[in-house]
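Spelled out from the first residue to the last, the chains are:
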Amino acid sequence: MDQERLDRINALARKAKSVGLTEEETAEQKALRREYLRDFRETLRGQIENITIVEPDGSLTPVKSLRKKK
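Residues numbered from 1 in each chain as written. Predicted model: local features only at pLDDT ≥ 70, side-chain atom pairs only at ≥ 80, totals over all residues. Heavy atoms only, no water.

Together, Met-1, Tyr-36, Leu-37, Phe-40, Leu-44, Ile-48, Ile-51, Ile-53 and Leu-66 give the surface a local cluster of nonpolar side chains, amounting to about 760 Å² of exposed area. Take the nonpolar patch: its biggest share by element is five residues, from helix H2 (residues 23-49). With respect to the helices, strands and loops of the structure, Leu-44 is situated in helix H2. (Patch = residues over 30% accessible without salt bridge, like charges linked within 9 Å, V, L, I, M, F, W, Y side chains within 5 Å. Areas by Shrake-Rupley, 256 points an atom, 1.4 Å probe, with all protein chains shown as cover. Salt bridge = Lys/Arg side-chain N within 4 Å of Asp/Glu carboxyl O. Helix = DSSP H or I, 4+ residues; strand = E, 2+ residues; numbered from the N terminus.)

This is the structure in structure tokens:
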């Protein structure tokens, strides 16, 4: 998510606290928040999958291989 969209989320949040939002702005805010959370989860999942666990016997186990199949 680019900085422009993050700034818009913050501007809408400030406006909601001060004067309130119109229906269109509320819908825009919800859509931006969904997009932000989707991107956040995707980034976090990628970081977690790149972690490698060092087992007590010294072997390495990638977290990606421990993930349950859906």
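There is more to say, and it comes next.
Structurally, the position occupied by Gln-29 is in helix H2. The residues touching Gln-29, leaving out its near neighbours within four places in the chain, are Leu-12, Ala-13 and Leu-21. (Contact = heavy atoms within 4.5 Å.)

Along an α-helix, a turn takes 3.6 residues, which lines up residues three or four apart on a common side. Over its 16 residues, helix H1 (residues 3-18) runs 23 Å from end to end, which matches the ideal 22 Å to within 8%, given 1.5 Å per residue. One or two positions beyond H1, positive phi appears at Gly-20, with a value near 95°. (Expected span 1.5 Å × (residues − 1).)

A separate point is the packing of aromatic side chains. Tallied over the full model, the rule gives one aromatic pair. Consider the rings of Tyr-36 and Phe-40, whose centres lie 6.4 Å apart with planes at 25°: the pair is stacked. With Tyr-36 and Phe-40 both in helix H2, this residue pair falls four residues apart, about one helical turn. By relative accessible area, Tyr-36 is classed as partly exposed at 36%. (Phe/Tyr/Trp six-rings, centres within 6.5 Å; stacked < 30°, edge-to-face > 60°. Buried < 20%, exposed > 50% of the residue type's maximum accessible area, 1.4 Å probe, protein only.)

With that settled, consider the packing of H1 against H2. The geometry of H1 relative to H2 is characterised by a closest axis approach of 10 Å and an angle of 135° between their N-to-C directions. Classified by the angle between their axes, H1 and H2 sit oblique to one another. Note that H1 runs across H2; the crossing there is left-handed. From H1, Arg-5, Leu-6, Arg-8, Ile-9, Leu-12, Ala-13 and Lys-15 reach across to H2, where they touch Glu-25, Glu-28, Gln-29, Leu-32, Glu-35 and Tyr-36. The residue makeup of the contact of H1 with H2, split by class, is six nonpolar, one polar and six charged. (Axes fitted to C-alpha atoms, helices over the stretch in contact; angles between N-to-C directions. Parallel < 35°, antiparallel > 145°, perpendicular 65-115°, else oblique. Left-handed = near helix turned anticlockwise from the far one by under 90°. Nonpolar A, V, L, I, M, F, W, Y, C, P; charged D, E, K, R; others polar.)

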